[in-house]
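In case you want the letters, here they are:
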Amino acid sequence: MAERGHRAGRGGITLGGLLCTATVAGLLWLACGKRPVQTTAIVARAPKAPERGAEAVTGLAHFGFTHGTVCSSDPGTLKSLLDAAHTSGILLHVGDPALLDPAVPLDSALSRADRLVRSCARHPACAGYWLGPVADTALFARAAVIRQHLAAADRQHRALLAMSVKGDLHTRIAHLKPEVLVFGEQGVEGGVPAANFFAHLGETRRLALAAHLPWWGTVVEAREGDQSELRDHFLRFQAMSLLAYGAQGIEWGLDWGLLHSWATMHGPAVSVARTLREINDTAGAWLPILAGTSCVAVSHSDPVPAGQERVNLEGTVYRIDGEYVTLAFFRGARRREQYLMVLNRNYMRGAKPRLFFSERVKGLAEIAPEGVAHMAVSFSSEEDGHQASILLKAGGARLFRMVF
C-alpha cells in the first residue's frame, strides 16, 4: 500500500550576487521556539548577468524547488530576482555577502543590513534573510550582532543562520545559536564513494541529535564542463544517503552553467535533469514527514561501511538478505509511529533485498511522491517470519511507515 507525501508551503530559489541556493520541500518546525525554518537548498554559482539569474529562477521551478537563498550587494539585482521568483511561485531568503565579510567595518555592514531590509522586506517573494554557513570562529560575534540587527529592523521576517559541522561544535552552538547544521562532505570522490562518507554521516547525525538541531548536507560540487560526478546514480546515492541518516535538507552544489543547460533541457544533461527532479520530488514527499521524527538507528548489511557498526534493529527487522543495504529507523513523537528507510548503497546497479520482520509488524505503507506509482512490496508470512522484498534503484531508497 502507498501513502502519498505532501509538499509544504510555496517555493523559492536563489541567484544573484555571490551565493545562490534553491530549496526543495517544506518548512521545519524547530523544538526551540516553534519557528519555521527552510533547510533544503541547491547551491549554484551566480550568473554573470542579472537577467540570466532571473531566467534561472524561473527555470528551476521546473526541477521542483520551492525556496532559495540569494546573496547580492546590488538591490536592483535582488529586486529582479525577487520579481522572477514571485512570478514563478517561489520564495527567496536574501542576503548581502558584505554582512559577514571581516574586511567590511561592522558599522558599514549594519548599514547594508538596513538597506537590505528596505529593499526586500515588503516584496511578496521575500521569505527572510540568509546568513551563513558560518565556519570562522572570528565571525561568531559579528554574525550574532547582525542577526539581532536584522530581527529588530524587520519583525515580519527572520534571519536564517547555518553553521558548518566542524571544530568544537558545542562552543559554536552556544555562541551562534544556529537554526541548522551543515554537513559538507561529498559522497563521491573521483568516481567512487568517499572512504569516510558514512563515518562522517554517523558523526553528524550524533552531533545533531545531541544538539537538538536539524542538519542538511551537500550532494555534489561540480564546475561547468566537469560532469564526472554528475551521473544519475551518483546523485541519487548521495542524496538518499543523507536522508537515511536524518538530514532534513539537501544542498546541491552545482555550477550555474550546468543548471542553465538543465533548465533548458539541452544536451546530455537531460537524463541528469530528470533524476534531479525525481530526487527533489522524493525529498518533497519525505521531508515534511521526517521533520517530525528522529532517526533513532541506522544498520548496514555486509560489507559494513568504514567507521560504522552493526546495531540493534529496533525490534522490527531481525535479518537482511542482500549486500550493500542500509536500514534507517525513524520514530515520531508517538512511539508507535515508526518509519523505515531502505537504502541501496550499491550506486552501480539496482537491488532487491529481502527483509525479515518480527511478528508485531503487520505491513508496510510506502511514502511516495504525488503522481508517482510506487513499486509493489510483497509482504508474506512464512516459517521464518514476515518477509518483504524491496526493489531499489541503483543508489536509491524507499521510505515506509511500519504498520503494527
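Residues numbered from 1 in each chain as written. Predicted model: local features only at pLDDT ≥ 70, side-chain atom pairs only at ≥ 80, totals over all residues. Heavy atoms only, no water.

K.L.:
Any chance you could explain the nonpolar core here in plain terms?
P.N.:
Soluble globular proteins tend to pack their nonpolar side chains together in the buried interior. Core analysis: the biggest nonpolar cluster contains 46 residues, and Leu-201, Trp-215, Met-240, Trp-252, Trp-286 and Met-341 have the highest contact counts within it. If one sorts the elements of this core by residue count, helix α9 (residues 270-290) sits on top with 10 residues. The contacts of Met-341, once residues within four sequence positions are left out, are Met-240, Leu-243, Ala-244, Trp-286, Leu-290, Thr-326, Leu-327, Ala-328, Phe-330, Ala-397, Arg-398 and Leu-399. Of all hydrophobic cores here, the second largest spans 35 residues; its members include Leu-78, Leu-100, Val-134 and Phe-140. (Core = buried A, V, L, I, M, F, W, Y, C linked by side-chain atoms within 4.5 Å. Buried < 20%, exposed > 50% of the residue type's maximum accessible area, 1.4 Å probe, protein only. Helix = DSSP H or I, 4+ residues; strand = E, 2+ residues; numbered from the N terminus. Contact = heavy atoms within 4.5 Å.)

K.L.:
It is not clear to me how the environment of Asp-154 should be interpreted in this structure. Could you clarify?
P.N.:
Within the secondary structure, Asp-154 sits in the loop between α4 (140-153) and β9 (159-164). When the C-alpha atoms of Asp-154 and Asp-114 are compared, they prove to be 9.2 Å apart, with 40 residues separating the residues in sequence. Apart from residues no more than four positions distant in its own chain, Asp-154 is found in contact with Val-117, Ala-121 and Tyr-129. Among the polar contacts made by the side chain of Asp-154, one reaches the side chain of His-157 at a distance of 2.8 Å. (Polar contact = N/O pair within 3.5 Å; in protein donor to acceptor, adjacent residues only side chain to side chain.)

K.L.:
How should the packing of aromatic side chains be read in this particular structure?
P.N.:
The geometry of two aromatic rings is summed up by the distance between their centres and the angle between their planes. One pass over the full model with this rule turns up seven aromatic pairs. Each ring, one from Phe-234 and one from Tyr-347, has its centre 5.3 Å from the other, and the planes form 45 degrees; the classification is tilted. Here Tyr-347 lies in the loop between β18 (338-344) and β19 (354-357) and Phe-234 lies in helix α7 (residues 232-244), a separation of 113 residues in the sequence. Exposure class is identical for Phe-234 and Tyr-347. Each is buried. The ring of Phe-356 carries the charged tip of Arg-319 above its face, separated from the ring centre by 3.8 Å. (Phe/Tyr/Trp six-rings, centres within 6.5 Å; stacked < 30°, edge-to-face > 60°. Lys NZ or Arg CZ within 6 Å of the ring centre and 35° of its normal.)

K.L.:
Help me out: how do you make sense of the confidence of the model for the chain in this one?
P.N.:
One rule of thumb: low pLDDT means the predicted coordinates there are not for detailed reading. Across the chain, the average pLDDT comes to 76, with 70% of residues at 70 or higher. Here strand β3 (residues 27-29) stands out as the element of the chain with the lowest mean pLDDT, 27, in contrast to helix α3 (residues 106-120), whose mean of 96 is the highest. Within the model, the stretch residues 1-50 combines pLDDT values under 50 with 214 contacts to residues more than four positions away or in other chains. (pLDDT = per-residue confidence, 0-100.)

K.L.:
Help me understand the environment of Ala-211, please; the structure alone is not making it clear to me.
P.N.:
Relative to the assigned elements, Ala-211 resides in helix α6 (residues 197-211). Overall, Ala-211 belongs to the partly exposed group, its relative accessible area being 21%. Sequence spacing of Ala-211 and Ile-173 is 38 residues, and the spatial spacing of their C-alpha atoms is 8.0 Å.

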